[in-house]
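Chain residues, written in single-letter form:
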Amino acid sequence: MALTAVIRVPSRALLRPWARLRDAALGWIEPAGGGGVEVSAQRFASQKVLVEPDPAAGVAVMKFKNPPVNSLSLELLTELVISLEKLENDKTVRGVVLTSDCPGIFSAGLDLTEMCGRNPAHYAEYWKAVQEMWLRLYLSNLVLVAAINGASPAGGCLIALTCDYRVMADNPKYCIGLNETLLGIVAPFWFKDNLVNTIGHRASERALQLGLLFPPTEALQVGMVDKVVPKDQVQSTALSVLAQWMAIPDHARQLTKNMMRKPTADRLLKQRDADIQNFVSFISRDSIQKSLQMYLEKLKQKKG
Ligand SMILES: CCCCCCCC/C=C\CC(=O)SCCNC(=O)CCNC(=O)[C@H](O)C(C)(C)COP(=O)(O)OP(=O)(O)OC[C@H]1O[C@@H](n2cnc3c(N)ncnc32)[C@H](O)[C@@H]1OP(=O)(O)O
């Protein structure tokens, strides 16, 4: 399937709404003269991402809180990136556990309502935020451990895959995987690259084509997660793992992480705008919009 770019969105126009949202979330003050911005850390008040720092241990726990299913809305993505940046600038923090505040769900993945029935400028803004989240997490200097305490499809799985280590709760109802094909959409190349780097080429090919969602024991077997533990031990295990990784001198570990990951991140960095154009053109197609609408309706009907 050829994904030709038919809708062009100037990159500067892409940046502005993202910057506005970030400024609003950070509480940046526009001085009366309009010349520049001033950052006030005290005014930072996050709603979708809770950060619990433990300076004595040099770690923080970041919890996604976007009920009911932690879908990755533009707002959540923006807060996630801001929170991560804040932790990276905090000299007392060297490692972070990423987990969920929503019972039974790590994250339902990208917010389908951000990709359905909107205009091309919105799709472009949204996709830039998705890229930004992935790049920031994937290349983070911090040790990141995912404490997967619930279902983790698609974009939820991607967040887990950016981490250095994944601990998952042993409930067989919780599944993890890149299930995009089940929605009639295609995982972008950088989702695929991240998966291949984690579980290898053959396992990725099978998992991606079939849109496989793995229960914890299968996810462990295929290497999508590193450890499966009882639900009430997920966070404590993640914190223990974090302590082990933090025993390694930071600069040696960070240089090694960068050496392993930079070529993969560079593939996206070299073609960010083209990737946005491809996404906008793909997601705007009538057939794709219909598939996504049908999928959303199926999710809603499930209740009735
Ligand atoms: C060239 C490049 C091309 C690029 C193409 C696009 C690439 C896109 C890449 C990534 C795709 C994604 O991440 S798409 C999202 C995929 N996610 C899923 O398939 C998960 C869907 N959800 C579920 O399976 C379930 O909701 C759950 C297992 C996560 C939880 O089940 P539960 O029974 O607890 O909850 P409900 O199903 O009843 O859901 C409650 C409520 O939430 C709404 N919902 C669920 N998921 C999403 C979502 N991802 N986005 C938005 N909204 C979601 C659901 O409809 C319910 O809504 P109502 O309460 O209004 O009924």
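That block above? That's the structure.
So, a few notes on the structure that sits alongside this text. All values derive from a computational prediction rather than experimental measurement.

Scoring rules and cut-offs
Residues numbered from 1 in each chain as written. Predicted model: local features only at pLDDT ≥ 70, side-chain atom pairs only at ≥ 80, totals over all residues. Core = buried A, V, L, I, M, F, W, Y, C linked by C-beta atoms within 7 Å. Buried ≥ 20, exposed ≤ 12 C-beta atoms within 10 Å, placed from the backbone. Helix = DSSP H or I, 4+ residues; strand = E, 2+ residues; numbered from the N terminus. Contact = placed C-beta atoms within 7 Å. Pairing = 2+ DSSP bridges. Near = placed C-beta within 6 Å. Nonpolar A, V, L, I, M, F, W, Y, C, P; charged D, E, K, R; others polar. Axes fitted to C-alpha atoms, helices over the stretch in contact; angles between N-to-C directions.

### Section: the nonpolar core
Phase 1: In terms of nonpolar packing, the biggest core is built from 78 residues, with Val96, Val145, Ile148, Val167 and Ile176 touching the most fellow members.
Phase 2: Top contributing element to this core by residue count: helix H3 (residues 120–138), with 10 residues.
Phase 3: With residues near it in sequence (within four places) discarded, Val145 still touches Val97, Cys163, Asp164, Tyr165, Val167, Ala238, Val241 and Leu242.

### Overview of the pairing of strand E6 (residues 150–153)
Phase 1: Relative to E6, strand E4 (residues 104–105) runs parallel, the two being bridged by 2 bridges. From the neighbouring strand, Ile105 faces E6, where its bridge partner is Ala151.
Phase 2: Strand direction decides the pairing type here: E6 and strand E8 (residues 176–177), joined by 2 bridges, are parallel. The residue bridging Pro153 from the neighbouring strand is Gly177, located in E8.

### Examining the site of the ligand
Phase 1: What surrounds the ligand is a group of 29 residues, the closest being Ala108, Gly109, Leu110, Ala154 and Gly155.
Phase 2: Looking at the shell around the ligand, the elements that each hand over two or more residues are E6, helix H10 (272–283) and helix H11 (286–301).
Phase 3: Looking at side-chain class alone, the shell around the ligand contains 18 nonpolar, 6 polar and 5 charged residues.

### Focus: the sheet that holds E8
Strand pairing in a sheet is mediated by backbone hydrogen bonds. Such pairs are either parallel or antiparallel.
Phase 1: Here 3 strands make up an open sheet; going across it, the order is E4-E6-E8 and the pairing parallel. Each having just a single partner strand, E4 and E8 make up the two edges of the open sheet.
Phase 2: Contacts from helix H4 (residues 155–162) reach E6 and E8, with the element oriented near 95° to E6.

### Side note on unusual backbone geometry
Phase 1: Cis peptide bonds are those with omega within 30 degrees of zero, and the linkage from Pro67 to Pro68 qualifies with 10°.
Phase 2: Note that Pro68 resides in the loop between strand E2 (59–64) and helix H2 (74–88).
Phase 3: Positioned with a positive phi, Asn70 is a non-glycine residue whose angle comes to about 55°.
Phase 4: Counting through the fold element by element, Asn70 comes out in the loop between E2 and H2.
Phase 5: Of the residues examined, Asn70 has 27 C-beta atoms within 10 Å and is grouped as buried.
Phase 6: In the Ramachandran plot, Ala154 falls in the positive-phi region, its phi being about 45° despite a non-glycine side chain.
Phase 7: Here Ala154 is to be found in the loop between E6 and H4.

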